Amino acid sequence: MKTSHGLLALSAAALFTIAAAATSFAEDVTPAATDNSESTSANTDLTGRAVLGIDISNAGNTPETVQNFFAGLSSDDQTGLRATCSRVLSDGSAVGNLGVIQFCQNLQAG
């Protein structure tokens, strides 16, 4: 009987050690928290202002309406917007913000 109690105690100690090691391992491989606040805010910004620096919410969603919206901007805003859209489409900085991507694609299409 003493042998079975000894084995039981040894088994319990082994299980405790394995559980502790597994918990420690899980803590070691947990990814570090990242600061996605900028990309998150850019991706949820329906106005486009966070990415493009200008409110595009009234630009429409066709090449024609985007071109009409664009024509109403100052030449400095047009130059900046065209450059920013070119960068956004080439480097993927607006990934997840479909409104900005669509706007920039429509701007380039016109």
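In the block above lies the structure referred to throughout.
Summarised in this report is the structure supplied together with it.

**Some details on the pattern of salt bridges**
Part 1 of the reasoning: Under the criterion given, the structure shown has 1 salt bridge.
Part 2 of the reasoning: Across the pair arginine 87 and aspartate 91 runs a salt bridge, and its minimum N-O distance is 3.7 Å. Within this pair, arginine 87 and its partner aspartate 91 are both found in helix 5 (residues 75–91), separated by 4 residues, close to a single helical turn.
Part 3 of the reasoning: You can call arginine 87 partly exposed: its relative accessible area is 38%.
Part 4 of the reasoning: On the accessibility criterion, aspartate 91 (45% relative accessible area) is partly exposed.

**Regarding the side chain of asparagine 106**
Part 1 of the reasoning: For asparagine 106, the location among the structural elements is in helix 6 (residues 98–109).
Part 2 of the reasoning: Residues within four places of asparagine 106 in sequence aside, it is in contact with Asn61, Thr62, Pro63, Val66 and Gln67.

**A closer look at the nonpolar core**
Part 1 of the reasoning: By size, the foremost hydrophobic cluster in this structure holds 17 residues, and its most contacted members are Leu52, Ile56, Leu81, Val100 and Phe103.
Part 2 of the reasoning: When residues of this core are traced back to their parent elements, those giving at least two are helix 3 (49–52), helix 4 (63–71), helix 5 and helix 6.
Part 3 of the reasoning: Residue contributions to this core peak at 4 residues, all from helix 6.

**Looking at the state of the cysteines**
Part 1 of the reasoning: For the structure on display, the rule yields 1 disulfide.
Part 2 of the reasoning: Disulfide pairing is shown between cysteine 85 and cysteine 104; the S-S distance is 2.1 Å. Its torsion about the S-S bond being -70°, the disulfide of cysteine 85 and cysteine 104 is classed as left-handed. In this pair, cysteine 85 is assigned in helix 5 and cysteine 104 in helix 6, connecting sequence segments 19 residues apart.
Part 3 of the reasoning: The class for cysteine 104 is buried, based on a relative accessible area of 0%.

**A few points about the environment of phenylalanine 103**
Part 1 of the reasoning: Note that phenylalanine 103 resides in helix 6.
Part 2 of the reasoning: A residue is classified by how much of its surface remains accessible, and phenylalanine 103, at 3% relative accessible area, is buried.
Part 3 of the reasoning: Sequence separation between phenylalanine 103 and threonine 65 is 38 residues; the distance between their C-alpha atoms is 9.7 Å.
Part 4 of the reasoning: Every residue in contact with phenylalanine 103, bar those within four places of it in the chain, is listed here: Leu52, Ile56, Ala59, Val66, Phe69, Leu81 and Cys85.

Conventions we followed
Residues numbered from 1 in each chain as written. Predicted model: local features only at pLDDT ≥ 70, side-chain atom pairs only at ≥ 80, totals over all residues. Heavy atoms only, no water. Salt bridge = Lys/Arg side-chain N within 4 Å of Asp/Glu carboxyl O. Helix = DSSP H or I, 4+ residues; strand = E, 2+ residues; numbered from the N terminus. Buried < 20%, exposed > 50% of the residue type's maximum accessible area, 1.4 Å probe, protein only. Contact = heavy atoms within 4.5 Å. Core = buried A, V, L, I, M, F, W, Y, C linked by side-chain atoms within 4.5 Å. Disulfide = S-S within 2.5 Å.

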